[in-house]
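Commentary on secondary and tertiary structure
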Amino acid sequence: KNQVEQSPQSLIILEGKNCTLQCNYTVSPFSNLRWYKQDTGRGPVSLTIMTFSENTKSNGRYTATLDADTKQSSLHITASQLSDSASYICVVTFTSGTYKYIFGTGTRLKVLA
Amino acid sequence: KAGVTQTPRYLIKTRGQQVTLSCSPISGHRSVSWYQQTPGQGLQFLFEYFSETQRNKGNFPGRFSGRQFSNSRSEMNVSTLELGDSALYLCASSSPLGKGDYGYTFGSGTRLTVV
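For the structure given in this document, a descriptive report is provided here. (Residues numbered from 1 in each chain as written. Chains lettered and ligands numbered in written order. Predicted model: local features only at pLDDT ≥ 70, side-chain atom pairs only at ≥ 80, totals over all residues. Heavy atoms only, no water.)

1. Thoughts on the environment of A:D39
To keep things clear, this is the line we draw: Counting from the N terminus, the helices are the DSSP runs of H or I reaching at least four residues and the strands are the DSSP runs of E reaching at least two.
By secondary structure assignment, the location of A:D39 is in the loop between β4 (30-38) and β5 (45-51). With 24 residues separating them along the chain, A:D39 and A:T63 place their C-alpha atoms 19 Å apart.

This is how it looks when you write it as structure tokens:
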């Protein structure tokens, strides 16, 4: 069964600290993996996308890694800011005729001053 | 270029009523997908339209329906509203040619409250 699991479910950190969010998937055949940031009450916004051959991708203070062998990805946030408070969603794309997307349930991050 | 536009932004309806939500995709995008997101839950896939045809459908009751027009704009309709239909409804457009994987661009959503 194609699934995407994220951990932790929620996380609270102090401003300026680093944190790492995890995404494990059992999706096949794998096409790519995306991380989205979703502010409360808003639509998700894409942060990074990685294909099978990529193992690291950065977007400012956000760095995503992918291990296609173990089917794990992580999103590392450096020097967190209050504006990083949001839900972070991992989405894996697989091909089945057309492209299909499997969404994780997200990690809710709260950054405190 | 303009992003994905959803209207209205907020909506309050009474149980038993029906509601229509609208989504205008990014210019040139022909695929439009709809998702429901309830508090604390992940995104639940409703359906996808491509070139005015429903291409994929999630596990929602028949009260949830949609359509897509020739200009790729899409509407979603929910009939006989229930309290549990209160949610953020997100629309996403993708793939200029309906092929390949360009991922989603989401709209800001419509917050529906059923009272």
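Next comes the rest of the account.
2. Some words on the sheet that holds strand β3 (residues 19-24) of chain B
All names here are of chain B. Just so we agree on the cut-off: We treat two strands as partners when DSSP finds at least two bridges between them. Lines fitted to the C-alpha atoms define the axes, with helices restricted to the stretch that makes contact. Angles between their N-to-C directions range from 0 to 180 degrees.
Spatially, four strands are ordered β1-β3-β8-β7 in an open sheet, and the strand pairing comes out antiparallel. At either end of the open sheet lies a strand with only one pairing partner, and these are β1 (5-7) and β7 (64-68). Along the sheet, successive strands turn relative to each other by an average axial angle of 20°, direction set aside.

3. Points about the interface of chain A and chain B
Interface size is often expressed as the accessible area that is lost when the parts come together. The following threshold applies: Contacts are assigned to residue pairs with any non-hydrogen atoms lying within 4.5 Å of each other. Buried area, as used here, totals the accessible surface that two parts lose on assembly, with accessibility defined by a 1.4 Å probe and the loss added over both. Within this document, salt bridges are pairs made up of a side-chain nitrogen of Lys or Arg and a carboxyl oxygen of Asp or Glu, the two lying within 4 Å of each other. In protein, a polar contact requires one atom able to donate a hydrogen and another able to accept it; more generally it is a pair of N or O atoms within 3.5 Å, and residues adjacent in sequence count only if both atoms are side-chain atoms. When residues are sorted by character, Ala, Val, Leu, Ile, Met, Phe, Trp, Tyr, Cys and Pro go into the nonpolar class, Asp, Glu, Lys and Arg into the charged class, and all the rest, Gly among them, into the polar class.
Contacts between the two partners involve 17 residues from chain A and, on the opposite side, 18 residues from chain B. For the pair chain A and chain B, the summed buried surface comes to about 1,500 Å²; carbon and sulfur atoms form 49% of the total. Seen at the junction of chain A and chain B, the total is zero salt bridges. Run the count over chain A and chain B and you get four residue pairs in polar contact (both at pLDDT 80 or more). Elements that contribute at least two residues to the side of chain A that touches chain B include exactly β4, β9 (86-96) and β10 (98-103) of chain A. Taken together, the residues of the side of chain A that touches chain B sort by class into six nonpolar, eight polar and three charged.

4. Quick notes on the sheet that holds strand β3 (residues 19-26) of chain A
Residues and elements named next belong to chain A. In spatial order, the strands read β1-β3-β8-β7-β6; together these five strands make up an open sheet with antiparallel pairing. Of all strands in the sheet, those bounded by a partner on one side alone are β1 (3-7) and β6 (56-59). Across the sheet, the axes of successive neighbouring strands diverge by a mean angle of 15°, strand direction being ignored. Examined bridge by bridge, β3 and strand β8 (residues 72-77) share six bridges and lie antiparallel to one another. In the strand pairing of β8, C19 is matched with I77.

5. Quick notes on the state of the cysteines
Residue and element names in this part refer to chain A. Put simply, the rule is: Any two cysteine sulfur atoms within 2.5 Å of one another count as a disulfide. Only protein chains enter the accessibility calculation, which uses a 1.4 Å probe; a residue whose area is less than 20% of its type maximum is buried, one above 50% is exposed, and one in between is partly exposed.
Applying the stated criterion to the full structure yields two disulfides over all chains. C23 shares a disulfide with C90; S-S distance 2.0 Å. On the sign convention where negative is left-handed, the bridge of C23 and C90, at about -65° about the S-S bond, is left-handed. Taken together, the residues span a long stretch of sequence, with C23 in strand β3 and C90 in strand β9 at a distance of 67 residues. Both residues of the pair, C23 and C90, count as buried.

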